[in-house]
Amino acid sequence: VQEISNILDGKALRERILADLKKRVEALEEKPKLIVFLVGKDPASELYVGNKEKACAQLGMRSEVVKLDEKISENELIGIIKKKGREAHAMLVQLPLPKHISEERVIEAIPPEKDADGLHPLNMGKLLRNEKGIVSCTPKGIMRLLDEHKIELKGKRAIVIGRSNIVGKPIAILLMHRHATVTIAHSRTQNLDELILENDVVVAAVGKIGLVKDVKKGAIVVDVGMNRTEKGFVGDVDFEKVKSKASYITPVPGGVGPMTIAMLMENTIECFEMQKK
Ligand code: NAD
């Protein structure tokens, strides 16, 4: 007997995606290589980078982490990315960067066809125009998870809370391309709690515990938030309160996070294949 659940299980889907990608890599004579640039010693960043290396190894792909001192200058970092990047099929700069370095300038140093995170202005522009390009891993993973459960978005009202380049903006665009009517909320939005209740889809990408306290009955709830506590990671949504009202909900951990890694692996292979064409 199959248990009926409204949990969007990103971990299980990640495993299926990675198994498929592994076969795709096995069929390749040359193995794709991902290079990650890590500046400084932020423990969270080190953890994420370690997970990316592990996933590459699991798929039989090559990876390298270039560790750099937090005092490195912007120009020096850009020089290293340009030089070292020639050896990579795909690359990314782990964010955030130290305050004295412009993330925008550094991201522009990544060739768009090697931009595993889809943050280069050319890839972001393609996303805006609904053209094929490399799409940021977390938003791409969210769409894959919704598609896996055949969740219809057409005509739905969706609210995205958060407007970052890496999550909020791209997920809002992707939902719009699927014909949802999208509201983007952020730190200056007023009456957020009321606004959330008007929406059929809620994507929370802020980094604030307890931000989403209640939703409309039957809402689809995607929790991107990753807030560190003594008991581990918790999301932006009050899971226990919202779970019974939602038709679907992502847990934290085990929802969006695993999908992000799976999509990074897929993007790495896509970069490789694009360059081999
Ligand atoms: P960010 O700090 O760049 O952006 C946060 C956004 O939240 C901003 O746009 C800001 O306007 C908005 N905001 C701040 N306070 C608010 C409030 N009170 N009400 C409404 N909006 C508010 O963050 P980010 O990089 O987009 O990440 C957001 C969260 O998602 C973080 O917890 C991060 O750790 C997590 N994250 C998870 C994954 C994953 O794979 N699961 C990937 C990326 C980010």
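Structural data are supplied above this passage.
Notes on the structure in this doc start here. (Residues numbered from 1 in each chain as written. Predicted model: local features only at pLDDT ≥ 70, side-chain atom pairs only at ≥ 80, totals over all residues. Heavy atoms only, no water.)

### Quick word on the sheet that holds strand 2 (residues 62-68)
Alright, step 1. Spatially, 3 strands are ordered 2-1-3 in an open sheet, and the strand pairing comes out parallel. Only two strands of the sheet have a single partner each, and these edge strands are strand 2 and strand 3 (90-93). In this sheet, neighbouring strand axes are inclined to one another by 15° on average, regardless of whether the strands run parallel or antiparallel.
Alright, step 2. Bridge count for strand 1 (residues 33-39) against strand 2 is 7 bridges, and the pairing is parallel. By the bridge assignment for strand 2, L38 is matched with K67. (Pairing = 2+ DSSP bridges. Helix = DSSP H or I, 4+ residues; strand = E, 2+ residues; numbered from the N terminus. Axes fitted to C-alpha atoms, helices over the stretch in contact; angles between N-to-C directions.)

### Description of the site of the ligand
Alright, step 1. Lining the immediate surroundings of the ligand are 21 residues, of which R163, S164, V224, M226 and T260 lie closest.
Alright, step 2. Contact between the ligand and S164: an oxygen atom at 2.5 Å from a side-chain N or O atom of the residue.
Alright, step 3. One of the backbone nitrogen or oxygen atoms of H186 is found 3.5 Å away from a nitrogen atom of the ligand.
Alright, step 4. In isolation the ligand offers 860 Å² of accessible surface; the protein chains occlude 70% of this area.
Alright, step 5. The element contributing the most residues to the shell around the ligand is helix 10 (residues 256-276), with 3 residues.
Alright, step 6. Of the residues in the shell around the ligand, the class split is 10 nonpolar, 9 polar and 2 charged. (Near = heavy atom within 4 Å. Polar contact = N/O pair within 3.5 Å; in protein donor to acceptor, adjacent residues only side chain to side chain. Areas by Shrake-Rupley, 256 points an atom, 1.4 Å probe, with all protein chains shown as cover. Nonpolar A, V, L, I, M, F, W, Y, C, P; charged D, E, K, R; others polar.)

### Side note on empty space enclosed by the protein
Alright, step 1. Tallied over the entire structure, the rule returns 1 cavity of 30 Å³ or more.
Alright, step 2. Empty space within the largest cavity amounts to approximately 40 Å³.
Alright, step 3. As for the largest cavity, its lining consists of L92, V93, L95, I107, I110, D115, D117 and L119.
Alright, step 4. Looking at the lining of the largest cavity residue by residue, the class counts come to 6 nonpolar, no polar and 2 charged. (1 Å grid on protein atoms, 1.4 Å probe; cavity = no way out; pocket = protein on both sides within 12 Å on 5 of 7 lines; lining within 4 Å. Points joined across faces, edges and corners; volume = space filled by probe spheres on them.)

### Side note on the layout of surface pockets
To find leftover empty space, a probe the size of one water molecule is rolled over the atoms.
Alright, step 1. Computed from the structure, the second largest pocket encloses a volume of approximately 330 Å³.
Alright, step 2. Together, 17 residues line the second largest pocket, and L127, G133, V135, K140 and L174 are the ones closest to its centre.
Alright, step 3. The set of elements that each furnish at least two residues to the lining of the second largest pocket consists of helix 5 (121-129), helix 6 (137-148), helix 7 (168-177) and helix 10.
Alright, step 4. Element by element, the count of residues in the lining of the second largest pocket is highest for helix 6, at 4 residues.
Alright, step 5. Of the residues belonging to the lining of the second largest pocket, the class tally is 5 nonpolar, 4 polar and 8 charged.

### As for helix 10
Alright, step 1. Helix length check: helix 10 (21 residues) gives 30 Å between terminal C-alpha atoms against 30 Å at 1.5 Å per residue, within 8%.
Alright, step 2. The buried fraction of helix 10 is high, at 15 of 21 residues. (Expected span 1.5 Å × (residues − 1). Buried < 20%, exposed > 50% of the residue type's maximum accessible area, 1.4 Å probe, protein only.)

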